[in-house]
Amino acid sequence: MPAPSTTPTSTASATAAEVYDCAIIGGGVAGLTLAVQLARAGRRVVLFEKETYPFHRVCGEYISMENYAFLCRIGVPLDQMDLPIMTRFTVSSPTGVALHHPLDIGGVGITRYELDQLLARLAAEHGATIQEGTKVTDVVFADEQFTLTTAGGATYRARTACGAWGKHANLDSKLRRPFLEPSRQGRQFVAVKYHLQVENFPQDLVEMHNFRDGYCGLSPVPGGLTNCSYISDVRNLRAHGNRVAEMERGVLMQNPLLRPYLQQAQRAGTAPIVISQITFRERSTVDAHVLMLGDAAGTIAPLAGNGMSMGMSASFLLHGLLLDFLEGRLSRAELEQHYTRAWRSLLSLRIRAGHLIHQFFGRPALTTLAIQALKGLPGLTTQVLKLTHGKSY
Ligand SMILES: Cc1cc2nc3c(=O)[nH]c(=O)nc-3n(C[C@H](O)[C@H](O)[C@H](O)COP(=O)(O)OP(=O)(O)OC[C@H]3O[C@@H](n4cnc5c(N)ncnc54)[C@H](O)[C@@H]3O)c2cc1C
């Protein structure tokens, strides 16, 4: 598979008169896979991404096998990309008690730097307009149409609008989304990601090491690199003067199985990427008629689930319903109701199970107890892992 060499380009330029079938805000895996599917179905799609492809993001870059057939079907040639395939899992407690277990469903490793650019290019090849480096600052619904305004002051019109802007974005406040209400404030997390050069890191293994109020994943990605990404309660960072390196020394490295990686492995390429203000509160799937997908519809803790899978399966679900609406088989009210219902039945159990698992881990004594118990219960471990993966679609 040749490395993507060109940045996606707009195949159609927006004119004042043009009304798109669908405007997608946010070009991560959820928004991009939706854009590819709608564009392949011949629909006029515009996608806005505030960054410019390719770029690195905080993500473990493990894609559950449940998405393999879907990604190949929409044109991502995973089978030709020589990706690491992970079939084993190790989880450790903050004190270093470890459990090793097969990963029945498994997954592949691919960098977001490569995947997102590839998807953006695919969408553009199918006729979608990809407006990268373009931040949407407002989206308003009136007279059966959405008007989107960008930071540059341009406006775009569309019959439908989808919010795929991730965990936390300017538009959450703009739309006054209920999950932001002060009464629903919960714990806040920060997340950090970088690539490491770890000698002989097994190509078929995912490691998840807990530390106090957080956990760190290690897994292979192409190019002989190891993805190292972790999530931590923001209090750990504050307690270490908001310095990531200090927090790693003071908290993460207390786990004896994680320490050697952080202490000895060389960092590859770019500086660590850090994101903050992560919360796992429940969100709505429709706000102000904007249909939400990916992390914008529900963010799952990485230990407890595969956020990318949830975003992509929501895009698969939503693209079918959007086509029904655009072709007159559903009213807007039906589109919103059907999507909400279908999203809940597909994903809300996973989100709830995720919250439960997430509560359990990161607490030193509880995590150690849980891992010790699971060591004697391989059947239960298989069931817990199943909860974090979905079915092929
Ligand atoms: C530490 C960590 C590890 C993880 N590991 C994994 C893993 O291994 N496997 C897995 O499946 N999931 C993992 N996840 C979860 C996964 O990264 C997310 O679920 C996934 O990236 C969500 O995709 P998305 O498309 O919804 O949002 P994102 O990928 O966040 O994309 C949203 C995009 O919207 C853009 N945007 C925001 N606002 C605007 C605006 N106003 N205008 C234009 N553009 C805008 C942003 O720039 C961004 O590119 C992990 C998460 C964390 C924090």
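Residues numbered from 1 in each chain as written. Predicted model: local features only at pLDDT ≥ 70, side-chain atom pairs only at ≥ 80, totals over all residues. Heavy atoms only, no water.

### A look at the packing of aromatic side chains
Here comes step 1: Summed over the entire model, instances satisfying the criterion amount to nine aromatic pairs.
Here comes step 2: With 4.9 Å between their ring centres and 35° between their planes, Phe 70 and Tyr 393 make a pair best called tilted. You can see Phe 70 sitting in helix H2 (residues 68–73) and its partner Tyr 393 sitting in the segment after helix H11 (378–387), a full 323 residues away along the chain. Each member of the pair, Phe 70 as well as Tyr 393, carries the same accessibility label: buried.
Here comes step 3: What links up through ring pairs into an aromatic cluster is the set Phe 70, Phe 316 and Tyr 393.
Here comes step 4: Just above the ring of Tyr 194 sits the side chain of Arg 267; from NZ or CZ to the centre is 4.0 Å.
Here comes step 5: Over the ring of Phe 179 we find Arg 283, and its NZ or CZ is 4.1 Å from the ring centre. (Phe/Tyr/Trp six-rings, centres within 6.5 Å; stacked < 30°, edge-to-face > 60°. Helix = DSSP H or I, 4+ residues; strand = E, 2+ residues; numbered from the N terminus. Buried < 20%, exposed > 50% of the residue type's maximum accessible area, 1.4 Å probe, protein only. Lys NZ or Arg CZ within 6 Å of the ring centre and 35° of its normal.)

### Looking at unusual backbone geometry
Here comes step 1: Residues Tyr 53 and Pro 54 are joined by a peptide bond in cis, for which omega reads -5°.
Here comes step 2: Within the secondary structure layout, Pro 54 lies in the loop between strand E2 (45–49) and strand E3 (62–64).
Here comes step 3: Positive phi outside glycine occurs at Asp 82, with the angle close to 50°.
Here comes step 4: The exposed category is assigned to Asp 82, whose relative accessible area is 71%.

### Describing the site of the ligand
Here comes step 1: Around the ligand lies a shell of 38 residues, among which Glu 49, Gly 60, Tyr 62, Arg 112 and Asp 295 are the nearest.
Here comes step 2: Within the contact set of the ligand, a nitrogen atom lies 3.1 Å away from a backbone nitrogen or oxygen of Lys 50.
Here comes step 3: The contact in question runs from a nitrogen atom of the ligand to an N or O atom on the backbone of Gly 60, over 2.7 Å.
Here comes step 4: Broken down by secondary-structure element, the contributors of at least two residues to the shell around the ligand are helix H1 (29–40), E2, helix H4 (170–174), strand E13 (225–233) and helix H8 (307–326).
Here comes step 5: Per-element accounting of the shell around the ligand gives the leading share, three residues, to H8. (Near = heavy atom within 4 Å. Polar contact = N/O pair within 3.5 Å; in protein donor to acceptor, adjacent residues only side chain to side chain.)

### Let's talk about the packing of H1 against H8
Here comes step 1: Between H1 and H8, the shortest axis-to-axis distance is 8 Å and the interhelical angle comes to 35°. By crossing handedness, the relation of H1 to H8 is classed as right-handed. Of H8, the residues touching H1 (which contributes Val 29, Ala 30, Thr 33, Leu 34, Gln 37 and Leu 38) are Met 308, Gly 311, Met 312, Ser 315, Phe 316, Leu 318, His 319, Leu 322 and Leu 323.
Here comes step 2: A breakdown of the residues in the contact of H1 with H8 according to their chemical character gives ten nonpolar, five polar and no charged. (Axes fitted to C-alpha atoms, helices over the stretch in contact; angles between N-to-C directions. Left-handed = near helix turned anticlockwise from the far one by under 90°. Contact = heavy atoms within 4.5 Å. Nonpolar A, V, L, I, M, F, W, Y, C, P; charged D, E, K, R; others polar.)

### A closer look at the pattern of salt bridges
Here comes step 1: Within the structure shown, the criterion is met by 21 salt bridges.
Here comes step 2: Linking Asp 21 and Arg 44 is a salt bridge whose minimum nitrogen-to-oxygen distance equals 3.1 Å. Here Asp 21, found in strand E1 (residues 19–25), pairs with Arg 44, found in the loop between H1 and E2; they are 23 residues apart in sequence, far enough to count as distant.
Here comes step 3: The class for Asp 21 is buried, based on a relative accessible area of 2%.
Here comes step 4: A salt bridge links Arg 267 to Glu 248; the nearest nitrogen and oxygen atoms lie 3.4 Å apart. Of this pair, Arg 267 sits in strand E14 (residues 266–278) while Glu 248 is found in helix H6 (residues 244–250), placing the two residues 19 residues apart along the sequence.
Here comes step 5: The class of Arg 267 is partly exposed, set by a relative accessible area of 41%.
Here comes step 6: One network of salt bridges, with partners in common, ties together Asp 21, Arg 43, Arg 44, Arg 159, Asp 324, Glu 327 and Arg 329. (Salt bridge = Lys/Arg side-chain N within 4 Å of Asp/Glu carboxyl O.)

### Considering the UniProt feature "domain: FAD-binding" (unreviewed entry) in the protein
Here comes step 1: Following the UniProt record, the feature "domain: FAD-binding" (unreviewed entry) maps to residues 21–337 here.
Here comes step 2: Along residues 21–337 one finds 26% helix and 35% strand; the C-alpha atoms at either end are 19 Å apart. (UniProt positions renumbered as here; feature names shortened; annotations may be inferred.)

### Structural notes on the sheet that holds strand E10 (residues 189–197)
Here comes step 1: If you trace the eight strands from one edge of the open sheet to the other, you get E3-E5-E4-E11-E12-E13-E10-E14, paired in mixed fashion. At either margin of the open sheet sits one strand with a lone partner, and together these are E3 and E14. On average, each strand axis in the sheet is tilted by 30° relative to the strand beside it, whichever way the strands run.
Here comes step 2: Strands in contact with H11 are strand E4 (85–92) and strand E5 (98–109); relative to E5, the strand with the most contacts, it is inclined by about 35°. (Pairing = 2+ DSSP bridges.)

### A closer look at the packing of H1 against helix H3 (residues 112–125)
Here comes step 1: H3 packs onto H1 with a crossing angle of 25° between their chain directions and a minimal axis gap of 8 Å. When the axes of H1 and H3 are compared, the pair comes out roughly parallel. As for how H1 packs across H3, the hand of that crossing is left-handed. Taking contact as the criterion, the partners of Val 29, Leu 32, Thr 33, Ala 35, Val 36 and Ala 39 in H1 are, on H3, Arg 112, Leu 115, Asp 116, Leu 119, Ala 120, Leu 122 and Ala 123.
Here comes step 2: Considering only residue class, the contact of H1 with H3 consists of ten nonpolar, one polar and two charged. (Parallel < 35°, antiparallel > 145°, perpendicular 65-115°, else oblique.)

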